[in-house]
Amino acid sequence: MKNCVISNGARIGNNVHIGNFTTIDNDVVIGDNCWIGNNVSILNGTRIGVSCQIHSGAVLGGAPQDLKYNNEYTLLEIGNNNIIREFVTINRGTISKGKTIIGDNNLLMSNTHIGHDCIIGNNCIIGFSVGIAGEVIIGDWANISGLTAIHQFSIIGEHSMISGISRVVKDVPPYIIAAREPLSYVGLNFVGLKRRAFEMNKINELKEIYRIIFQEKRNTSSALKLIETLLKQTVERDTIITFIKKSKRGIIKGFND
């Protein structure tokens, strides 16, 4: 640990490695068993859980890049067992939500940017150089491939996968793969669902739901009514229906729409 600047007020847990030339501000909490590389900046308002890896050049807790931000006190909360690779930047919240939240067991690849007031769930993979604008919500187990740009206020559903170099301007429902330009539904996330022990009857249920939504050429409201009429109530069915009904930006379209 060479030429580090660690403020006296920082609370650092046990067995924490801190690399050379790293800066840790006063209002910072770091949990046990974290590994922090060289040239990392951890700024005021950052809270980090246990057993996280933070690699060289990352900047955590920077001020929001939002003109409504007026130096109000806000936070960045990072959970446990996260891997944050080189040159990742994550901003604190604004008065809108008060905090940016990163859950547990996520992999944030190099050069990713996560804007103010975002909420990232658990077990997500965010590819290299993904740009996530402010107030985006990403559900558990989502996989966002490299060089994707996500518009502010977008919502990405759980267990979904977005192909590389995508432009996300509409909400992406859960359990699916989104690809092409403009971003469209191209099928279920079969590989991801099987890896997470979804059984074939459940996968077939999800396939039928999205066939009605995207392939029957119905408007979204009538498609949801048909799903509620024809298919028995399950957690996954209701998760999809609730996601679509609550979408303010609207969801992506089917590839042939």
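See above for the structure.
So, how was this worked out
- Note on numbering: residues in each chain are counted from 1, in written sequence order.
- Local features are withheld for residues below a pLDDT of 70 in this predicted model, meaning they are given only at 70 or higher, and side-chain atom pairs are given and counted only at 80 or more; totals for whole chains, interfaces and linings count all residues.
- Side-chain figures throughout are based on the complete set of non-hydrogen atoms in the structure, without hydrogens or water.
- Criterion used throughout: strands pair if DSSP finds at least two bridges between them.
- Runs of E in the DSSP output that reach at least two residues are strands. Runs of H or I that reach at least four are helices, and both are numbered from the N terminus.
- Note on contacts: a residue pair is in contact if any heavy atoms of the two residues lie within 4.5 Å.
- Working convention: axes come from line fits to C-alpha atoms, limited for helices to the stretch in contact. Angles between N-to-C directions cover 0 to 180 degrees.
- Buried, partly exposed and exposed residues are distinguished by accessible area as a fraction of the type maximum, computed with a 1.4 Å probe on protein chains only: under 20%, between the cut-offs, and over 50%, respectively.
- To qualify as a nonpolar core, a set must consist of buried Ala, Val, Leu, Ile, Met, Phe, Trp, Tyr and Cys residues joined through side-chain atoms within 4.5 Å.
- Roughly parallel here means an angle under 35 degrees, roughly antiparallel means over 145, roughly perpendicular means 65 to 115, and every remaining angle is called oblique.
- Left-handed is the label given to a crossing in which the near helix is rotated counterclockwise from the far helix by less than a right angle, and right-handed is the label when the rotation is clockwise.
- Any residue that is not Ala, Val, Leu, Ile, Met, Phe, Trp, Tyr, Cys, Pro, Asp, Glu, Lys or Arg is counted as polar, Gly included; the first ten are nonpolar and the last four charged.

Student: Can you break down the pairing of strand β11 (residues 75-78) residue by residue, with the values?
Tutor: One ladder, built from three bridges, connects strand β8 (residues 46-48) with β11; its direction is parallel. Across the sheet, R47 pairs through a bridge with E77, a residue of β11. Inspection of the sheet shows β11 paired to strand β14 (residues 99-102) by four bridges, in the parallel sense. Among the inter-strand pairings, L76 is bridged to a residue of β14, identified as T100.

Student: Account for the sheet that holds strand β18 (residues 125-126), with residues named and values stated.
Tutor: Sheet architecture is open: 11 strands sit in the order β3-β6-β9-β12-β15-β18-β21-β24-β26-β27-β28, paired in mixed fashion. Lying at the two open borders of the sheet, with one neighbouring strand each, are β3 (17-18) and β28 (253-254). In this structure, strand β12 (residues 83-84) lies alongside strand β15 (residues 107-108), joined through two bridges in parallel fashion. Bridging across to β15, I83 finds its partner in L107. The strands touched by helix α2 (residues 200-215) are β26 (176-179), β27 (184-188) and β28; relative to β27, the strand with the most contacts, the crossing angle is about 155°.

Student: Describe unusual backbone geometry, and please don't skip the residues or the numbers.
Tutor: Cis rather than trans, the peptide bond between E181 and P182 has omega equal to 0°. With respect to the helices and strands, P182 occurs in the loop between β26 and β27. Despite not being glycine, N33 has its phi angle at roughly 65°, a positive value. Its location among the elements puts N33 in the loop between β5 (28-30) and β6 (35-36). Owing to a relative accessible area of 41%, N33 belongs among the partly exposed residues under this scheme.

Student: Let's hear about the nonpolar core: which residues, and what values?
Tutor: Core analysis: the largest hydrophobic core is formed by 63 residues, its most contacted members being I42, L60, I90, I132, I138 and I213. Counting residues per element, the ones that place at least two in this core are β5, β11, β26, β27, α2, α3 (220-230) and α4 (235-246). Discounting residues that sit within four places of it in the chain, I90 has contacts with V59, L60, G61, G62, L76, I78, I84, T100, I102, L108 and I114.

Student: For α2, give the residues involved together with the corresponding values.
Tutor: Listed as buried for α2 are K202, I203, E205, L206, I209, Y210, I212, I213 and F214. Here the buried face of α2 lies against β26, β27, α1 (190-195), α3, α4 and β28. One or two residues past the end of α2 sits K217, with phi positive at roughly 60°.

Student: Explain the packing of α2 against α4 to me, using residue names and the numbers behind them.
Tutor: Packing of α2 against α4 brings their axes to within 10 Å, and their N-to-C directions diverge by 30°. Put simply, α2 runs roughly parallel to α4. Considering how the two elements wind past one another, α2 and α4 form a crossing that is right-handed. On α4, the residues touching K202, E205, L206, I209, Y210 and I213 of α2 are E236, R237, I240 and I244. Residue classes in the contact of α2 with α4 are distributed as six nonpolar, no polar and four charged.

Student: Go over the sheet that holds strand β2 (residues 11-12) with me, naming the residues and quoting the values.
Tutor: Adjacent strands of a sheet pair through backbone hydrogen bonds, lying either parallel or antiparallel. Taken in spatial order, the eight strands make up an open sheet running β2-β5-β8-β11-β14-β17-β20-β23, and their pairing is parallel. Sheet topology places β2 and β23 (155-156) at the edges, where each strand pairs with a single neighbour.

Student: Pulling in residues and values, what's your account of the packing of α3 against α4?
Tutor: Look at α3 against α4: their axes get within 11 Å of each other, and the N-to-C directions meet at 160°. Relative to α4, α3 is oriented roughly antiparallel. Classified by chirality, the crossing of α4 by α3 is left-handed. Contact residues: α3 offers T220, L224, I227 and E228, while α4 offers R237, I241, I244 and K245.

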